[in-house]
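Next come the chains, spelled out residue by residue.
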Amino acid sequence: TDFASAQVGPVLAEMMDIPVLGLVENMSYLTCPDCGKEIDVFGKSTVADVAKEYGIDVLGRLPIDPKLATACDNGEIEDFEGHWLDDAVKKLEVE
């Protein structure tokens, strides 16, 4: 994600006076099925830089995962096991 395109959401929310709880980066990386290494397919993430500039938290980084995409497409996201949004859930429980 390049820095300019990652800023669109926070800028629009600010213009419309909508509070932002944090950022979630979609398609952030690909996990190698052989070694588990995170591969930055679209280059180094800038989500932390954008969050810092706007004084908000990074609530999650979602991987590129065909199983996750299938679960979403089938309306079964609640059944998908993953830790990527744990910080977002904690933030929502507090707010």
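Each value, and the rule that gives it
- Residues numbered from 1 in each chain as written.
- Predicted model: local features only at pLDDT ≥ 70, side-chain atom pairs only at ≥ 80, totals over all residues.
- Heavy atoms only, no water.
- Pairing = 2+ DSSP bridges.
- Helix = DSSP H or I, 4+ residues; strand = E, 2+ residues; numbered from the N terminus.
- Polar contact = N/O pair within 3.5 Å; in protein donor to acceptor, adjacent residues only side chain to side chain.
- Disulfide = S-S within 2.5 Å.
- Buried < 20%, exposed > 50% of the residue type's maximum accessible area, 1.4 Å probe, protein only.

This part covers the pairing of strand 1 (residues 22-31). Relative to strand 3 (residues 57-64), strand 1 is paired through 6 bridges, and the arrangement is parallel. By the bridge assignment, Val 24 is partnered in strand 3 with Gly 60. Bridge count for strand 1 against strand 2 (residues 38-39) is 2 bridges, and the pairing is antiparallel. Following the sheet pairing, Thr 31 is matched in strand 2 by Glu 38. The hairpin turn running from strand 1 into strand 2, its antiparallel successor, is 6 residues long, and Gly 36 in that turn takes a positive phi close to 85°.

Let us now look at helix 4 (residues 66-73). The N-capping residue of helix 4, defined by a side-chain oxygen 2.8 Å from the backbone nitrogen of Lys 67, is Asp 65. Phi turns positive one or two residues past the end of helix 4, at Gly 75, with a value near 70°.

Going through the model one piece at a time under the given rule, you end up with 0 disulfides. Considering cysteine sulfurs only, Cys 35 is the nearest to Cys 32, which forms no disulfide, with 3.6 Å between them. On the basis of relative accessible area, Cys 32 is assigned to the buried category, the value being 17%. A relative accessible area of 58% places Cys 35 in the exposed class.

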